[in-house]
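# Survey of secondary and tertiary structure
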Amino acid sequence: MRWASVVAAVCLLAEPGAAQGQKRFGKVIFGRYSESIQSFEAFARRAKQSGATHIVITAEDLPWALWMLDEPDDPYPAWAMSNIGVFKAATPEALKPYLPQDYAERVMGMLKERCEALRKLGLKAAYTTFEPQILPEAVYRDHPLWRGPQVDHPLRSRVPRFAPNIDNPEVLALYRESMRKFCTACPEVEVVSLHTNDSGSGMSWSPGLYQGPNGAALTRHRKMYERYRDFFGALRQGAQEARQGPLEIDAEWVREAAPELLATRLDAGMALANFEGPRATAYKAVVGFLLDYFYPFYPALGIPLPVRYLEELEKASRSDAPRLFYLIGDRYNTDLYFDLYDTFWKNPAADDVSRQQLLRSLAAARAGEDGAGALVSAWNAIHRAGRDADILNFGGTLFYIGGVHQRWLTRPFVPFPEELEEHERSYYRKFLFQARGEDRARDLGDIQGTRQYQGLGGAAVSGQLLARMKADIAQARELIGKAAASPAAASRRAELALLDKRLRVFDILIDNCRDGLEYQYLLDFMKGGRLRRPVEFQEHLTDITEWRQIKDIARREMDNSIVLADMLESTREVLLDLAKSREEENIRVLGPDLAAQLRQRVKIMAKYWEDYERLFDEEKPLPAGARR
């Protein structure tokens, strides 16, 4: 054990809970992605040392319900399949014919195992998901009055999707039964956090629904507070039938017009948009995140966010909420976030100076006094890049909804994508989050049915942000190198070298997103004969600005693809989030054979290289056998 770890352990034993300043929070909920029950238990044990009272048992680390992708041409359930809804895990009897029970038993077994581990540690559990969540259409064919609101996004779905009608007493009885089963198996669950009106979930007649207010006509007259109150009440009643003790419930992303007014009609321990009933007071303070959706660098992993977490801890320390959530979405730097949390509560930062001093103390423990300044500066550069990434978040960061959902990272950039052969499309086309026509699917600028970065203005603004991010990442890498050179950083050099490698990967993702937007912009500008050679003047024979620009983009993508493939194949360390098996590759996760896909991409782009000539010269024939 390192000497610093021994000292830290002694301090924790001398000062139980370590985080004395957090004691005004009645509940302290920690959460993190866990690869196994062993890693979950180790995390919970460490969180308890920092004062945790509850641990989240439902991160995106449980098996995804891939069976929800029931229509080959409809990508929309991809948003919902990672959400462990209560019906999917603890299925009521009436829904068992419609929901795979092998999946339910597997997930419920894992949740029960986690709660048993918490029981041994004297901790309680928190549960997060999206509700009321879509059900298969067969449910509504057999039980038509159970059909609630249509909840799919009209630009991102091809099949209508409906959540259950919680105004129907029979549906509420299903939820009560499901929660009773859930809490019988997992009696430690005391805190439930729901997201609604998003990702395949929704409340009847809510203005926050993507399709607009809709639902069962027979219950349109009901007040919104009645819906939430009765829904929460059914969940709470089911829990109380299973075991004694509280069940606190909050719903986020409700997008109601005045959630604070609705909250005044709810009971204590029930909340909407962080307003707790019946006085509409703050329900919780949240530091961090759990979902990859909120990680600014995804699909890159392992790039730390200490500045962001420290700023959010400072904000939480000023909150009057009785609950604190500390969610470590970056699971590869867990020790850093624990150290930051404990250090903050012993001596809370309150301004820019004290914040930087706290960060320096953490950096000195990793790179010594000589390297601490460089490491803190690197963290600040990473923070600036993360903030810019958050600006480019419209339904997900550009790296997620472009690089992954639209497979910019693996699909070939070619001038005439409609001419690709089937085997040149199939490896990426089935994973595009694209629910409209094939013309839109071929368009790099079309992101989930929208052109969010369209035209000169969109390309210019996003391009400037991405260029600024590249500069910050380059600075961070230089500073990481300086920190690693400190003699006191000898034991951390491998860790710092890995961070540098991860930053290099993210730099390639920045290029990929900027290239995707610029490539399509240039194609839109060129096609239709706009830039045909009007007269063959000598200076226009071989060098046309736009022609050179689009080829430069394509070459950068080809070269970066090879660099990234080489990096992936040269290490066992995690650089990007990849599916564990080819069967688990899906719209939201890149495949385990990413390196091979990147090399395939380069071969396809090279095959179609002569097509750049065709953008300017319709008369130039293809060379014989060019497409063989």
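The sections below set out a description of the structure shown in this document.

What counts and what doesn't
- Residues numbered from 1 in each chain as written.
- Predicted model: local features only at pLDDT ≥ 70, side-chain atom pairs only at ≥ 80, totals over all residues.
- Heavy atoms only, no water.
- Helix = DSSP H or I, 4+ residues; strand = E, 2+ residues; numbered from the N terminus.
- Rg over C-alpha atoms; globule rule 2.2 N^0.38 Å.
- Buried < 20%, exposed > 50% of the residue type's maximum accessible area, 1.4 Å probe, protein only.
- Contact = heavy atoms within 4.5 Å.
- Polar contact = N/O pair within 3.5 Å; in protein donor to acceptor, adjacent residues only side chain to side chain.
- Pairing = 2+ DSSP bridges.
- Expected span 1.5 Å × (residues − 1).
- Phe/Tyr/Trp six-rings, centres within 6.5 Å; stacked < 30°, edge-to-face > 60°.
- Lys NZ or Arg CZ within 6 Å of the ring centre and 35° of its normal.

With that out of the way, let us pick up the overall build of the protein. Counting its secondary structure elements, the protein contains 19 helices and 12 strands. Computed over its C-alpha atoms, the radius of gyration of the protein comes to 26 Å, within 12% of the 25 Å expected for a compact globule of 628 residues. Taken along its principal axes, the extent of the C-alpha atoms in the protein is 85 × 70 × 40 Å. Out of the 628 residues in the protein, the part that is buried amounts to 58%. Across the protein, contacts joining residues at least 24 apart in sequence account for 73% of those joining residues at least 6 apart.

Residue placement: T219 occurs in the loop between β6 (189–195) and α7 (224–242). By relative accessible area, T219 is classed as buried at 13%. Side chain to side chain, T219 and D167 meet in a polar contact 2.9 Å long.

All right, on to the pairing of β6 then. Buried residues dominate β6, accounting for 7 of its 7 residues. Taken together, the 6 bridges between strand β3 (residues 124–130) and β6 define a ladder with parallel strand orientation. Bridging across to β6, T128 finds its partner in S193.

Further remarks concern the environment of W609. Inspection of the secondary structure puts W609 in the loop between α18 (594–607) and α19 (611–614). By relative accessible area, which is 24% here, W609 ends up partly exposed. Once the C-alpha coordinates of W609 and A104 are considered, the two residues, 505 residues apart in sequence, prove to be 49 Å apart. Each residue touching W609, except ones within four places of it in the same chain, is listed here: K551, A554, R555 and M558.

Let us now look at helix α9 (residues 306–317). For α9, spanning 12 residues, the distance from its first C-alpha to its last is 16 Å, which sits close to the expected 16 Å at 1.5 Å a residue. Residues of α9 that are buried: P306, V307, R308, Y309, L310, L313, E314 and A316. Contacts made by the buried residues of α9 are with β11 (285–288), β12 (323–328), α10 (334–346) and α11 (352–391).

Tallying each qualifying case throughout the model produces 33 aromatic pairs. Measuring from centroid to centroid gives 5.2 Å for F30 and Y326, while their planes differ by 55°, and the two rings are tilted. Placement of F30 in strand β1 (residues 27–32) and of Y326 in strand β12 is noted, with a sequence separation of 296 residues between them. Grouping residues by exposure puts F30 and Y326 together as buried. In this arrangement the basic side chain of R147 is found over the ring face of F162, its NZ or CZ atom lying 4.6 Å from the centre. Over the ring of F325 we find K284; its NZ or CZ atom is 4.7 Å from the centre of that ring.

With that out of the way, let us pick up unusual backbone geometry. Of note, the amide linkage connecting E131 to P132 takes the cis form, showing an omega dihedral of -10°. Along the chain, P132 falls in the loop between β3 and α5 (137–142). With an omega of -5°, the peptide bond between G277 and P278 qualifies as cis. Along the chain, P278 falls in the loop between β9 (275–276) and β10 (281–282). A positive phi angle is found at N274, which is not glycine, with a value near 75°. You can see N274 is positioned in the loop between β8 (270–272) and β9.

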